[in-house]
Amino acid sequence: MAVEERDKYTGYFTTGHEWNGIKELNTPVPRAVYFFLLIAFIFSVGYWVLMPAWPLGLSYTKGLLGLDQRNIVRDSLKRAALGRSAWTKQIDAKSYQEIQADPALMNIVRQTGRTLFGDNCAMCHGLNAQGGHGFPNLTTTSWLWGGDPDSIAETIRVGINSPNPDSRASQMPAFGRDQILQPPDVDKVVAFVRSLSNPSTAKTAKPGDVDAGKEIFAANCTACHGEDAKGKSDTGAPNLTDKFWIYGGDAQTITNTLWSGRQGHMPSWEGRLTPLDRKILALYLFDQRMPTP
């Protein structure tokens, strides 16, 4: 029978295993480990008895406490709705002007509207609502279909070129592709349109192009954009005299627009957002506007 060897430094016996001169000690498991394992076992048994825990085919053990996360969430939503009802009823009942005149309600509109916008609109218009290529900047007063709260709410409801039967509808014709205008005439209109928002471009245009483009514009574009080129909210035609462009205001982009046309799309939110949500969003967006340069 082998004689057990005791380590002279720790006082523990060795197991008899040795690797490269390193001997394995037969160190006992600390009592604290057994204590915590026992506590964990008792807790587990208690949890299994008190809480929903074990699957039983189509059901599960309910636990003595009878807790149900579905009921907890449902009750939480009910409490939240009750807490919101104090101000939701006011916003629902009051006019836009009355809400705008109430600082407390407008503070709620800004907070709730920011969340609604981030969850539903930011993907296209950006978190700051300043749009991007092909998507309008919503922080300006240059709105295609009107920028008052009523018009904004209606646009949110029906969308633009959407399947909604009441959808707002507009389309920029393809003047070049469909041969409504010849290429030289397209260039002249581009020169004129650029000069509307940036008069300095007239100095670099070909002599006579701006004046000729103005005449072509009057004959082909004023029906939608107006004689002053400031757009019409009833047709969804943009203002061409400010510095806000949906697709870009450089010569090449305007040429592409005139040549191939444009037809934007905005979904109808009538089936996803409640009338209250749309009202809050309209007020929120109206509140975000900044002066048009």
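Calculation criteria
- The residue count restarts for each chain, going from 1 along the sequence in the order it is written.
- For a predicted model such as this one, the threshold for reporting local features is a pLDDT of at least 70, and the threshold for listing and counting side-chain atom pairs is 80 or more; totals across whole chains, interfaces and linings nevertheless cover every residue.
- Working from all heavy atoms in the structure, the side-chain values ignore hydrogens and water.
- A pair of strands is labelled paired if DSSP reports no fewer than 2 bridges between them.
- A run of DSSP states H or I qualifies as a helix once it reaches four residues; a run of E qualifies as a strand once it reaches two. Both are numbered from the N-terminal end.
- Distance thresholds for patches are 9 Å for like charges and 5 Å for nonpolar side chains (Val, Leu, Ile, Met, Phe, Trp, Tyr), applied to residues having over 30% relative accessible area and no salt bridge.
- Note on areas: these come from Shrake-Rupley sampling with a 1.4 Å probe, and a residue is covered only by the protein chains present in the view.
- Salt bridges are identified by distance alone: a Lys or Arg side-chain nitrogen within 4 Å of an Asp or Glu carboxyl oxygen.
- Note that His is not counted, nor are the chain ends; the positive residues are Lys and Arg, and the negative ones are Asp and Glu.
- Every charge is mapped to an atom, namely NZ of Lys, CZ of Arg, CG of Asp or CD of Glu.
- Here's how the labels work: a residue is buried when its accessible area is under 20% of the maximum for its type, exposed when over 50%, partly exposed in between, all with a 1.4 Å probe on protein chains only.
- Every residue pair with non-hydrogen atoms within 4.5 Å of one another is taken to be in contact.
- Whenever a pair of cysteine sulfur atoms sits within 2.5 Å, that pair is classed as a disulfide.
- Axis lines are fitted through C-alpha atoms, for helices just across the contact stretch, and the angle between N-to-C directions can take any value from 0 to 180 degrees.
- Any angle that falls under 35 degrees is termed roughly parallel, while one over 145 is termed roughly antiparallel, one within 65 to 115 roughly perpendicular, and all others oblique.
- Note on residue categories: nonpolar means Ala, Val, Leu, Ile, Met, Phe, Trp, Tyr, Cys or Pro, charged means Asp, Glu, Lys or Arg, and polar means any other residue, Gly included.
- Here a helix's expected span is defined as the number of its residues, less one, multiplied by 1.5 Å.

Visitor: Would you explain the pairing of strand 2 (residues 22-25) in this entry?
Guide: Working note: regular strand, side chains alternate between the two faces of the sheet. The sheet contact formed by strand 1 (residues 14-19) and strand 2 spans three bridges and is antiparallel. Bridge assignment links Thr14 to a residue of strand 2, and that residue is Leu25. Hairpin connection from strand 1 to strand 2: two residues lie between these consecutive antiparallel strands, with Asn20 at a positive phi of about 50 degrees.

Visitor: Explain a positive patch on the surface here, please?
Guide: Among the surface-exposed residues, Lys62, Arg70, Arg74 and Lys78 lie close enough to one another that they form a single positively charged patch. Among the structural elements, Arg74 can be located in helix 2 (residues 69-93). A relative accessible area of 41% means that Arg74 is categorised as partly exposed.

Visitor: Before we go on, may I ask you to explain the side chain of Thr14 in this structure?
Guide: The residue Thr14 is located in strand 1 in this model. Given the relative accessible area of 14%, Thr14 is considered buried. Setting aside anything within four residues of it in sequence, one finds Thr14 in contact with Glu5, Lys23, Glu24, Leu25 and Asn26.

Visitor: Could you clarify how one ought to interpret the state of the cysteines in this entry?
Guide: One covalent bond between the sulfur atoms of two cysteine residues makes up a disulfide. A full pass over the atoms with the stated rule returns zero disulfides. Cys121 forms no disulfide, and the closest cysteine sulfur to it belongs to Cys124, at a distance of 8.6 Å. By relative accessible area, Cys121 is classed as buried at 14%.

Visitor: Just checking my understanding: could you explain the pattern of salt bridges for this structure?
Guide: Any two side chains of opposite charge can pair, on the condition that their charged atoms come close. If you walk through the whole model with that rule in mind, you get seven salt bridges. Close ionic contact of Lys23 with Glu5 constitutes a salt bridge, the shortest N to O distance being 2.7 Å. Here Glu5 lies in the segment before strand 1 and Lys23 lies in strand 2, a separation of 18 residues in the sequence. On the basis of relative accessible area, Lys23 is assigned to the partly exposed category, the value being 37%. Taking the shortest distance from any N to any O, the salt bridge between Glu270 and Arg157 comes out at 2.9 Å. Of this pair, Glu270 sits in the loop between helix 10 (251-260) and helix 11 (275-287) while Arg157 is found in helix 6 (residues 149-158), placing the two residues 113 residues apart along the sequence. On the basis of relative accessible area, Arg157 is assigned to the buried category, the value being 17%. Taken together, the shared-partner salt bridges in this structure form one network comprising Glu154, Arg157, Asp166 and Glu270.

Visitor: Sorry if this is basic, but what is going on with the environment of Gly231 here?
Guide: Position of Gly231 relative to the elements: it lies in the loop between helix 9 (222-225) and helix 10. Setting aside residues no more than four positions away along its own chain, Gly231 makes contact with Cys224, His225, Ala237, Pro238 and Asn239.

Visitor: For this particular structure, what's the right way to read the packing of helix 7 (residues 183-197) against helix 8 (residues 209-220)?
Guide: Between helix 7 and helix 8, whose axes approach to 7 Å, the crossing angle comes to 100 degrees. It follows from the interaxial angle that helix 7 and helix 8 lie roughly perpendicular. Listed contacts from helix 8 to Asp185, Lys188, Val189, Ala191, Phe192, Val193 and Ser195 of helix 7 are Asp209, Val210, Ala212, Gly213, Lys214, Ile216 and Phe217. Considering only residue class, the contact of helix 7 with helix 8 consists of eight nonpolar, two polar and four charged.

Visitor: I'm lost on the environment of Pro165 in this one. Help?
Guide: Considering the arrangement of structural elements, one finds Pro165 in the loop between helix 6 and helix 7. Counting along the chain gives 39 residues from Pro165 to Thr204, while the straight-line C-alpha distance between them is 46 Å.

Visitor: Help me understand helix 2 in this model?
Guide: Residue pairs three or four apart in sequence face the same way in an α-helix, which turns once every 3.6 residues. Look at helix 2: 34 Å from first C-alpha to last across 25 residues, which is about the 36 Å you get at 1.5 Å a residue. Taken residue by residue, helix 2 has Trp87, Thr88 and Ile91 as its buried positions. Where helix 2 is buried, its residues touch helix 3 (96-100), helix 4 (103-120) and helix 11.

Visitor: Explain unusual backbone geometry here, please?
Guide: Only a minority of non-glycine residues have a phi that is not negative, and only a minority of peptide bonds are not trans. Of note, the phi angle at Asn20 is positive, near 50 degrees, even though the residue is not glycine. By the secondary structure assignment, Asn20 is in the loop between strand 1 and strand 2. The exposure class assigned to Asn20 is exposed, which follows from its relative accessible area of 82%. Positive phi outside glycine occurs at Ala129, with the angle close to 65 degrees. Looking at where Ala129 falls in the secondary structure, it is placed in the loop between helix 5 (122-125) and helix 6.

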